[in-house]
Amino acid sequence: MNKKDIIDQDLIKYNADAVIISNDFNRYWYTNFHSSAGYIIVTKNKSYLLIDNRYFEAAKQQVLNCEVLLFKSLQDLKDLINKLEIKEVIVEKEYITLETLETYWKMNLKTIGIESRYWRIVKDESAIKALTKAAQIAADTIEWLRKQPIIGKTEKEVATMIAVHMLELGATGNSFDSIVATGKNGAIPHHVPDDTILEEGNLVTVDIGCMYDYYASDITRTFALGNKLNDPKLEELYYAVLEANLKGIEAAKIGNTGEVVDKVCREYIDNIQDFKGYFTHATGHGVGLEVHELPYVSPRARRLLEKNNVCTIEPGIYIPGLGGARIEDTIIITDNEANIITSNAKKNLYNE
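Definitions and limits used
Residues numbered from 1 in each chain as written. Predicted model: local features only at pLDDT ≥ 70, side-chain atom pairs only at ≥ 80, totals over all residues. Heavy atoms only, no water. Helix = DSSP H or I, 4+ residues; strand = E, 2+ residues; numbered from the N terminus. Rg over C-alpha atoms; globule rule 2.2 N^0.38 Å. Buried < 20%, exposed > 50% of the residue type's maximum accessible area, 1.4 Å probe, protein only. 1 Å grid on protein atoms, 1.4 Å probe; cavity = no way out; pocket = protein on both sides within 12 Å on 5 of 7 lines; lining within 4 Å. Points joined across faces, edges and corners; volume = space filled by probe spheres on them. Nonpolar A, V, L, I, M, F, W, Y, C, P; charged D, E, K, R; others polar. Core = buried A, V, L, I, M, F, W, Y, C linked by side-chain atoms within 4.5 Å. Contact = heavy atoms within 4.5 Å. Phe/Tyr/Trp six-rings, centres within 6.5 Å; stacked < 30°, edge-to-face > 60°. Lys NZ or Arg CZ within 6 Å of the ring centre and 35° of its normal. Salt bridge = Lys/Arg side-chain N within 4 Å of Asp/Glu carboxyl O. Axes fitted to C-alpha atoms, helices over the stretch in contact; angles between N-to-C directions. Parallel < 35°, antiparallel > 145°, perpendicular 65-115°, else oblique. Left-handed = near helix turned anticlockwise from the far one by under 90°.

S.K.: Would you explain the overall build of the protein chain in this entry?
M.R.: For the protein chain, the count of helices and strands is 9 helices and 19 strands. At 23 Å, the protein chain has a C-alpha radius of gyration in line with the 20 Å of a compact globule built from 352 residues. Along the first, second and third principal axes, the C-alpha set of the protein chain runs to 70 × 40 × 35 Å. Counting across all 352 residues of the protein chain, residues that qualify as buried make up 56%.

S.K.: Honestly, the layout of surface pockets in this entry has me stumped. Any pointers?
M.R.: Summary: where empty space remains is shown by rolling a probe the size of a single water molecule over the atoms. Approximately 400 Å³ is the volume attributed to the largest pocket. Lining the largest pocket we find 18 residues, and of these Met1, Ile6, Tyr118, Trp119 and Val122 sit closest to its centre. With 5 residues, the top contributor of residues to the lining of the largest pocket is helix H1 (residues 3-13). The residue inventory of the lining of the largest pocket, partitioned by class, reads 8 nonpolar, 2 polar and 8 charged. Volume-wise, the second largest pocket comes out at about 290 Å³. Lining the second largest pocket are 17 residues; nearest its centre among them are His190, Asp207, His285, His292 and Glu314. Broken down by class, the residue content of the lining of the second largest pocket amounts to 6 nonpolar, 5 polar and 6 charged.

S.K.: Explanation requested: the nonpolar core in the structure shown.
M.R.: Side chains that are nonpolar tend, in soluble globular proteins, to be buried together. Membership of the largest hydrophobic core comes to 39 residues, with the highest contact counts inside it found for Ile7, Val19, Ile21, Tyr30, Leu49 and Trp119. Isoleucine 21 has contacts with Ile7, Asn26, Arg27, Tyr30, Gly38, Tyr39, Ile40, Val42, Glu92 and Trp119, leaving out every residue within four places of it along the chain. Listed in part, the 32 residues of the second largest apolar core include Leu237, Cys265, Ile327 and Ile333.

S.K.: How should I be thinking about the packing of aromatic side chains in this particular structure?
M.R.: Given two aromatic rings, their pairing is described by the distance between the two centres and the angle made by the two planes. A full pass over the atoms with the stated rule returns 7 aromatic pairs. Where tyrosine 28 meets tyrosine 215, the ring centres are 6.4 Å apart and the plane angle is 65°; that geometry is what we call edge-to-face. With tyrosine 28 in helix H2 (residues 24-31) and tyrosine 215 in strand E11 (residues 215-216), the pair connects residues that are 187 residues apart, well separated along the chain. Neither tyrosine 28 nor tyrosine 215 differs from the other in exposure class; each is buried. Ring pairs connect the aromatic residues Tyr28, Tyr214 and Tyr215, which therefore count as one cluster. It is arginine 266 that lies over the ring of phenylalanine 279; its NZ or CZ is 4.1 Å from the centre.

S.K.: Hey, could you run me through the pattern of salt bridges in this one?
M.R.: Pairs can form between side chains of opposite charge once their charged atoms are near each other. Throughout the structure, instances matching the rule amount to 27 salt bridges. Salt-bridge contacts for lysine 4 lead to aspartate 8; the nearest nitrogen and oxygen are separated by 2.7 Å. You can see lysine 4 and its partner aspartate 8 sitting in helix H1, 4 residues apart, about one turn around the helix. Here the two residues lysine 4 and aspartate 8 agree in accessibility, since each one is buried. Among the salt bridges present, the one from lysine 233 reaches aspartate 274, with a minimum N-O distance of 3.1 Å. Here lysine 233 is found in helix H8 (residues 232-251), whereas its partner aspartate 274 is found in the loop between helix H9 (258-270) and strand E13 (284-286), with 41 residues between them in sequence. With a relative accessible area of 25%, lysine 233 lands in the partly exposed category. When salt bridges that share partners are traced, they join Arg120, Lys123, Glu290 and Glu293 into one network.

S.K.: It is not clear to me how empty space enclosed by the protein should be interpreted in this structure. Could you clarify?
M.R.: In the structure shown here, the tally under the stated rule is 1 cavity of 30 Å³ or more. Along the walls of the largest cavity sit Lys3, Trp29, Arg120, Val122, Lys123, Asp124, Ala127, Tyr215, Leu289 and Glu293, which together make up its complete lining. Each residue belonging to the lining of the largest cavity can be placed in one class, and the counts come to 5 nonpolar, no polar and 5 charged.

S.K.: Would you explain the packing of helix H6 (residues 125-146) against helix H7 (residues 155-168) in this entry?
M.R.: Packed helix pairs are characterised by how far apart their axes lie and by the angle those axes make with each other. Running from N to C, H6 and H7 cross one another at 130°; their axes reach a closest spacing of 10 Å. Between H6 and H7, the interaxial angle falls into the category oblique. As for the relative orientation of H6 and H7, their crossing is right-handed in sense. Counted together, Ile137, Ala138, Thr141, Trp144 and Leu145 of H6 and Val158, Met161, Ile162, His165 and Met166 of H7 form the full contact between these two elements.

S.K.: Help me understand the environment of leucine 131 in this model?
M.R.: Within the secondary structure, leucine 131 sits in helix H6. The spatial distance from the C-alpha of leucine 131 to the C-alpha of valine 310 is 8.7 Å, given a sequence separation of 179 residues. Non-local contacts of leucine 131, meaning those with residues more than four positions away in its chain, are made with Lys123, Tyr215, Ala216, Val287, Gly288, Val310 and Ile341.

Right, dumping it as structure tokens:
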């Protein structure tokens, strides 16, 4: 199904005259053209991209599925709406601001808010290609990091090393601020790297991602610093998380919901008495133009997984005062078993 067909489904469902797209992610998704501002109007018959002088000439050459019009002020948007006799429009409720809504209302438009991220939930070939490359850069960076002499460095220093290496491999930036958590900091799922020193005998959790061709990646690995852990319970904890990760990936298939996948991971961990209740977040989330998007993999995710959904499987165990571990892969749902696009990063606890 092409992108116009996806939009047309909502036009028919809500009996609307047009969809107005103003969000940067959605504009890029629809046109494959990056800009920091602009509007797309999609009617049942045709699509229009209103774009300012900074992008106008490039858009005329690159955008194939819209008539490209110069946008100088909101009057241009209003004139087009009047010309097309548009009265009722679908808008992106999770992105739109009250200021923008008021602008539409002043144009005497009736607005219907829908969760527009559903448009992007099934990835096309170009998105999968970019997502795969972004995932490989992040995975290769973790493999590289494991070979570096990081014992004795601070979490902040390691986070900087990661960011630089991803750029060297072709990324255009981080998709989120890297998490590097060692020792007791590992019990904090979204720990912010600080001056804690990576010490031999501890675990370190590294959660990173990058941007490539406007698409994001997300991967987490936890591994031992040195050849032996100070506390044998950390090793038990690690292997419980690893098994939950593998079971979650196996369950991530067409016809299962995100709720089912989450339950598989959560029940496995909760059935180990020492770790019951210490898996404290959702099992995963979609990845695309945003690092967190649909489909969700959580206790409330009742939508069936579909072919070419891209999501993470990231169970973890976090025990205050001891530490924690998380293992995260990004996968593509296929007709058969999931395609793990972060597989370049091994999951061994100790360096071999």
